[in-house]
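Chain and residue survey
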Amino acid sequence: MDIAALRTAHPDHWMKATAIRTLTLDAVAAANSGHSGMPMGMADVATVLFEKHLKFDPKAPHWPDRDRFILSAGHGSMLLYSLMYLTGYEDMPLEQIKDFRQWGARTAGHPEFGHARGIETTTGPLGQGIANSVGFAIAEEIQRATWGKKIIDHHTYVMAGDGCLMEGVSQEAIALAGMQKLSHLIVFWDNNNITIDGTVDIADITNQPMRFEASGWHVQSIDGHDPEAIDAAIIAAKKDPRPSMIACKTHIALGHAAQDTSKGHGALTNADQLKAAKEAYGAPMGDFEVAADALKQWAEIGARGATAHKEWHDRFNALSANKQAEFKRIYAGEAPKRLSATIRALKKQISEGAPSVATRKSSEMTLEVINPIMQETIGGSADLTGSNNTLTKDMGTFHPDTRKGRYIYYGVREHGMAAAMNGMALHGGARAYGGTFMCFTDYARGAMRLSALMGVPTTYVMTHDSIGLGEDGPTHQPVEHLAMLRATPNMNVFRPADTVETAEAWEIALTSQKTPSVLALTRQNLPTVRTEHKNKNMVAQGAYVLADAEGKRQAILLATGSEVSIALAARDLLQAEGIGTRVVSMPCWELFEEQEESYRKRVLPGGPVRVAIEAGIRFGWDRWLFGERGKREKSGFVGMHGFGASAPAERLYKEFGITAEDTAAKVKSLIK
């Protein structure tokens, strides 16, 4: 690559792009860690995008109508950090660049949402950013249709590399985006032909432009170092009614000795090579030094958005007071004031009527009263709408012809669905939920973990939560999944026992600000166990006494979900024999852990035998069985010890020993 020719062809542009490259080299060298090549290769694209197209105001990083910039190739984080510093984001002073990858710095190895305003999403696990971007674009489409173009009308721009496009989730994402004609979504592919192991063709010969075309995208191929070609491509992309992919042919680690090699992907720390690269660039030689003219021009780029931001505020202030208040509410992530009363009314109705329904149906019943009063909810399912019970009649379908619709048919794309829901939550003004079978949390796991890591309140409706689904057999029967989800930090896992607990779980999920929720719901019908109405949200305590012992308390049964009714039946058997038995419903371990010890002690006092009942594996239960004042020799577990089988649910519960009789026998064997 002729660096001299690039310098002379567009000197002002070159100077600004050089600032990104040298800041990257210096930061990675100072940390002795990082990924230099991607920012150096895509600096030209980023410079044109930020200078000529991106609508943003660094002084108002949460402006709802800003364009979103997503660095899906998160290992190239210094590209984003450099841009934020150069354009004047308050959270990204030069000191943060100098502290790249150090303890307490906002400049983590991969961009992390919440560390600095201006980072739109956490990326690094490849493919997640491009999959998030579909959710960003969907939220923008719905809100543009709902609020009008004067209030919402922006683009989502993504930089993705070969690794992002190799990950399977990328196909789920681009297929959904193409079908939905998300015209405000523009992806730049960093086509540098390099991976860590070597050139791309040692592992992949996919024709990526044709792949995107086949999925319904507008595709262009350009020289990623030609600012005029980059500008023209973005202009064309914004005019096309389809999502756009711009294939940018680039040189990884441009101008460095490691250019166009696998070594260029990683940390370029050799001092002599760094000096030579700066000389080739015509850049200042000092550490973290940027030419004064370049700094000035970047600052002007950052300041430019203030005018558009003010004009937007003028338009927003022209809305009625009620509309302004509603817009602010949904962007603050606050539930409407009447949500609590609506949930209480449903609970009272259920406690009095005591229906026997599957908790997946309970979830639908709850959504039927929630969705009409929370127009920000966006629901969907991975091709299991009728099984997950996630659609309510008021929502309408989101489709190219019906942009106000709030229900999405994701197809069989669990991972893409989960990642898109994260994108909607991150965009703001949306409460996303989506359903699949609980066993397929395996497919959605990568995005679910990031929900927890980022602290975004995505809600996962996971039905068919145990062997209780019956004949579909062990391929579909989750046994280890509750343990896996509960092991994830900052994730609330709800396994409600009836419709009342389900409604309470939904209330918590929809008022959460920084914690995602999983609702583990049954296929099989369950009796109403909360037949005495209480205004208080009992699930919010995580666990509570559902039925206390009559006479001397000798046993405590702990259960979740479908096994709570089994625990109540076991209690009847034990009480009939004079064994005083308390039943504790534990719909959410995480919330119970957060309670004061005095409350936990009241629910789980020391002394009595403890038996847990859950149609999953034991892993995790020992915390409650012989922690919290319990004793190992006085505890037992009734549940699964391996995979399930194909048979009717009733037979499976009997064969696997998850019955009231088995529970009572376990208790009696422990009482001495």
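Residues numbered from 1 in each chain as written. Predicted model: local features only at pLDDT ≥ 70, side-chain atom pairs only at ≥ 80, totals over all residues. Heavy atoms only, no water.

Focus on the overall build of the protein
Helix and strand counts for the protein come out as 26 helices and 20 strands. Over its C-alpha trace the protein gives a radius of gyration of 28 Å, about what one expects of a compact globule, namely 26 Å for 672 residues. Its C-alpha atoms give the protein principal-axis dimensions of roughly 95 × 55 × 45 Å. Among the 672 residues that make up the protein, the fraction classed as buried is 62%. Look at the contacts in the protein between residues 6 or more apart in sequence, and 78% of them connect residues 24 or more apart. Looking at charge distribution, the protein has the averaged site of its 72 positive side-chain charges lying 7 Å from that of its 77 negative ones. (Helix = DSSP H or I, 4+ residues; strand = E, 2+ residues; numbered from the N terminus. Rg over C-alpha atoms; globule rule 2.2 N^0.38 Å. Buried < 20%, exposed > 50% of the residue type's maximum accessible area, 1.4 Å probe, protein only. Contact = heavy atoms within 4.5 Å. Lys, Arg positive; Asp, Glu negative; His and termini not counted. Charge placed at Lys NZ, Arg CZ, Asp CG, Glu CD.)

Topic: the packing of aromatic side chains
If you walk through the whole model with that rule in mind, you get 20 aromatic pairs. With a centroid separation of 5.3 Å and an interplanar angle of 85°, the aromatic rings of Phe 50 and Phe 69 are classed as edge-to-face. Of the two residues, Phe 50 is situated in helix 3 (residues 37–52) and Phe 69 in strand 1 (residues 68–71); the sequence distance between them amounts to 19 residues. Of the two residues, Phe 50 and Phe 69, both sit in the buried class. With 6.3 Å between their ring centres and 50° between their planes, Trp 312 and Phe 327 make a pair best called tilted. Of the two residues, Trp 312 sits in helix 12 (residues 292–317) while Phe 327 sits in helix 13 (residues 321–331), which places them 15 residues apart along the sequence. Accessibility assignment for this pair places Trp 312 and Phe 327 in one class, buried. (Phe/Tyr/Trp six-rings, centres within 6.5 Å; stacked < 30°, edge-to-face > 60°.)

Section: the nonpolar core
One finds Ile 138, Leu 185, Trp 217 and Met 424 to be the most contacted residues of the largest nonpolar core, which totals 58 residues. Residues in contact with Ile 138, not counting those within four places in the same chain, are Leu 176, Leu 182, Phe 398, Ile 408 and Met 424. By size, the runner-up hydrophobic cluster in this structure holds 52 residues, among which are Val 45, Leu 80, Met 84 and Phe 188. (Core = buried A, V, L, I, M, F, W, Y, C linked by side-chain atoms within 4.5 Å.)

Quick look at the sheet that holds strand 1
Read across the sheet, five strands follow the order 1-2-3-7-6 without closing on themselves; strand pairing throughout is parallel. In the strand order of this sheet, the two ends are held by strand 1 and strand 6 (218–223), each with one partner. With direction set aside, neighbouring strand axes in the sheet form an average angle of 20°. Examined bridge by bridge, strand 6 and strand 7 (residues 244–249) share six bridges and lie parallel to one another. By the bridge assignment for strand 7, Val 219 is matched with Met 245. (Pairing = 2+ DSSP bridges. Axes fitted to C-alpha atoms, helices over the stretch in contact; angles between N-to-C directions.)

Here's the deal with helix 12
Counted at 1.5 Å a residue, the expected span for helix 12 with its 26 residues is 38 Å, and the 39 Å between its end C-alpha atoms agrees. Regarding helix 12, the residues found buried are Ala 294, Gln 297, Trp 298, Ile 301, Gly 302, Gly 305, His 309, Trp 312 and Phe 316. In the core, the buried residues of helix 12 are packed alongside helix 2 (11–31), helix 3, helix 4 (77–87) and helix 13. (Expected span 1.5 Å × (residues − 1).)

Side note on helix 10 (residues 227–239)
Helix length check: helix 10, at 13 residues, gives a terminal C-alpha distance of 19 Å against a target of 18 Å (1.5 Å per residue), a fit within 8%. Turning to helix 10, its buried residues are Pro 227, Ile 230, Asp 231, Ala 233, Ile 234 and Ala 237. Burial along helix 10 is one-sided: seen end-on, the buried residues are contained in an arc of 165°. Along helix 10, exposed side chains directed more than 90 degrees from the buried face belong to Glu 228 and Lys 239. Lining the buried residues of helix 10 we find helix 2, helix 3, strand 2 (156–160), strand 3 (185–191), strand 6 and strand 7. For helix 10, the side-chain oxygen to backbone nitrogen distance between the N-cap and Glu 228 is 3.0 Å, and the N-cap itself is Asp 226. (Arc of directions from axis to C-beta. Polar contact = N/O pair within 3.5 Å; in protein donor to acceptor, adjacent residues only side chain to side chain.)

A look at the sheet that holds strand 16 (residues 544–547)
By definition, the strands of a sheet pair up through backbone hydrogen bonds, in either a parallel or an antiparallel sense. Overall, mixed pairing links the five strands, which are arranged 16-18-17-19-20 in an open sheet. In this open sheet, the two strands that pair with only one neighbour each are strand 16 and strand 20 (635–639). Here the average twist between neighbouring strands, direction ignored, is 30°. Here strand 19 (residues 609–614) runs beside strand 20; their pairing, made up of five bridges, is parallel.

Comments concerning the pairing of strand 2
When you tally the buried positions in strand 2, you get five out of five residues, the bulk of the element. Here strand 2 shows a buried face lined by Thr 156, Val 158 and Ala 160 and a second buried face lined by Tyr 157 and Met 159. In terms of strand pairing, strand 1 meets strand 2 through four bridges, oriented parallel. Bridging from a neighbouring strand, Phe 69 pairs with Tyr 157 of strand 2. Bridge count for strand 2 against strand 3 is five bridges, and the pairing is parallel. What sits directly across from Tyr 157, in strand 3, is Ile 186.

With respect to the pairing of strand 11 (residues 431–437)
Burial within strand 11 is extensive, with seven of its seven residues counted as buried. Where strand 9 (residues 377–381) and strand 11 come together, three bridges link them in parallel fashion. For Thr 377, the partnering residue across the bridge sits in strand 11 and is Arg 431. When strand 11 meets strand 12 (residues 459–463), the two strands line up parallel, connected through five bridges. The partner of Phe 437 across the bridge, within strand 12, is Thr 463. Each parallel crossover has a hand, and the one from strand 11 via helix 18 (residues 441–454) to strand 12 is right-handed. (Right-handed = clockwise from strand over helix to strand, strands pointing away.)

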